[in-house]
Amino acid sequence: MSYPIQKTEAEWKALLAEKGAEPRAFEVTRHAATERPYTGKYEQVWADGSYHCVCCGNLLFSSTTKFDAGCGWPSFSQAVPGAIEEITDRSHGMVRTETVCAQCGAHLGHVFPDGPAPTGLRYCMNSASLDFASGDDARDGAAPVNDNDKNA
Ligand SMILES: [Zn+2]
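Summary of the structure given here.

Rules and cut-offs
- Residues numbered from 1 in each chain as written.
- Predicted model: local features only at pLDDT ≥ 70, side-chain atom pairs only at ≥ 80, totals over all residues.
- Heavy atoms only, no water.
- Helix = DSSP H or I, 4+ residues; strand = E, 2+ residues; numbered from the N terminus.
- Buried < 20%, exposed > 50% of the residue type's maximum accessible area, 1.4 Å probe, protein only.
- Polar contact = N/O pair within 3.5 Å; in protein donor to acceptor, adjacent residues only side chain to side chain.
- Donors = N, O, S within 2.8 Å, 3.2 Å for Na, K, Ca; no water.
- Tetrahedral: all angles 85-135°; square planar, octahedral: opposite > 155°, others 65-115°.
- 1 Å grid on protein atoms, 1.4 Å probe; cavity = no way out; pocket = protein on both sides within 12 Å on 5 of 7 lines; lining within 4 Å.
- Points joined across faces, edges and corners; volume = space filled by probe spheres on them.
- Nonpolar A, V, L, I, M, F, W, Y, C, P; charged D, E, K, R; others polar.
- Salt bridge = Lys/Arg side-chain N within 4 Å of Asp/Glu carboxyl O.

Examining the side chain of His-52
Then step 1. With respect to the helices and strands, His-52 occurs in strand β1 (residues 49-53).
Then step 2. A relative accessible area of 16% places His-52 in the buried class.
Then step 3. A distance of 2.9 Å separates polar atoms of two side chains, one belonging to His-52 and the other to Ser-50.

Below, the structure is given as C-alpha cells:
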C-alpha cells in the first residue's frame, strides 16, 4: 500500500518528537500498537473542534461526531469523507477493520459496526494517533466567517 506522504521510520520518529506527540504515538501510528483503555488524552474531551492525524495533520473527524462509547477510547460515529482507509485486520485471532490515515498510512484504530444512528459505526481510535484543534475555525478546514469585517 502506498500513501501520498512517505517517510522513513526515523523521519516519523523525529517529526512526532518535534511536534510534542506523546511517546507512544510512534508505536501506535507506525506499528499499529494500541494504547490501554481509559489512558488516552482525548477519551473524555468534548470541546468543539477537529481531530487530525498526529503524523501528517490530515483532518479525520469533527468533534460533532464524537460520542461516549464507554469503551475507553475516543469514539466517533463518522469520519471525514476520504480521510480514512479501511483495511481488513486478521491479527489477534479476530477479523476486524483497521483504520489508517489515507494520506500517510498512520494506524488510527479500528471501526466497528455497533455505533449510533445514523451511521451505525464506531470509529474506535487511539488518542495517541490524534491531534485535536479546538475552535470553530479549525472545523472542516473552513475559513472563519467574520461579519464584523464588513463594518470595520
Ligand atoms: Zn496522516
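Brief notes about the coordination of the zinc ion
Then step 1. In this structure, Cys-53 (SG), Cys-56 (SG), Cys-101 (SG) and Cys-104 (SG) serve as the protein donors to the zinc ion, at separations of 2.3 to 2.4 Å.
Then step 2. One way to put it: the 4 donor atoms around the zinc ion meet at angles of 101 to 113 degrees, and that makes the site tetrahedral.
Then step 3. In primary-sequence terms, the residues that donate to the zinc ion follow C-x2-C-x44-C-x2-C.
Then step 4. Look at Cys-53 and you get buried, because its relative accessible area is 0%.
Then step 5. Accessibility expressed as a relative area gives 24% for Cys-56, which makes it partly exposed.

Details of the layout of surface pockets
Then step 1. Roughly 230 Å³ of internal volume is contained in the largest pocket.
Then step 2. Lining the largest pocket are 16 residues; nearest its centre among them are Thr-34, Arg-96, Gly-109, His-110 and Phe-112.
Then step 3. Elements supplying a minimum of two residues to the lining of the largest pocket: β6 (96-101), β7 (107-112) and β8 (122-125).
Then step 4. Tallying contributions element by element places β7 first for the lining of the largest pocket, with 4 residues.
Then step 5. Considered class by class, the residues forming the lining of the largest pocket number 6 nonpolar, 7 polar and 3 charged.

Some thoughts on the pattern of salt bridges
Then step 1. This structure, assessed with the given rule, holds 4 salt bridges.
Then step 2. With a shortest N-O distance of 3.9 Å, Arg-24 and Glu-35 are connected by a salt bridge. Residue Arg-24 is located in the loop between α1 (9-19) and α2 (25-31), and its partner Glu-35 is located in the loop between α2 and β1; the two are separated by 11 residues in the primary sequence.
Then step 3. For Glu-35, a relative accessible area of 3% gives the class buried.
Then step 4. In this structure, the salt-bridge partner of Arg-96 is Asp-89, at a minimum N-O distance of 3.5 Å. There is no split in this pair, since Arg-96 and Asp-89 are both buried.
Then step 5. A cluster of three or more residues bridged by salt bridges with shared partners is formed by Glu-22, Arg-24 and Glu-35.

Side note on the environment of Thr-65
Then step 1. Tracing the sequence through the fold places Thr-65 in the loop between β2 (59-62) and β3 (66-67).
Then step 2. Residues Thr-65 and Val-80 lie 15 residues apart in sequence; the distance between their C-alpha atoms is 9.7 Å.
Then step 3. A polar atom in the side chain of Thr-65 sits 2.9 Å from the backbone oxygen of Ser-62.

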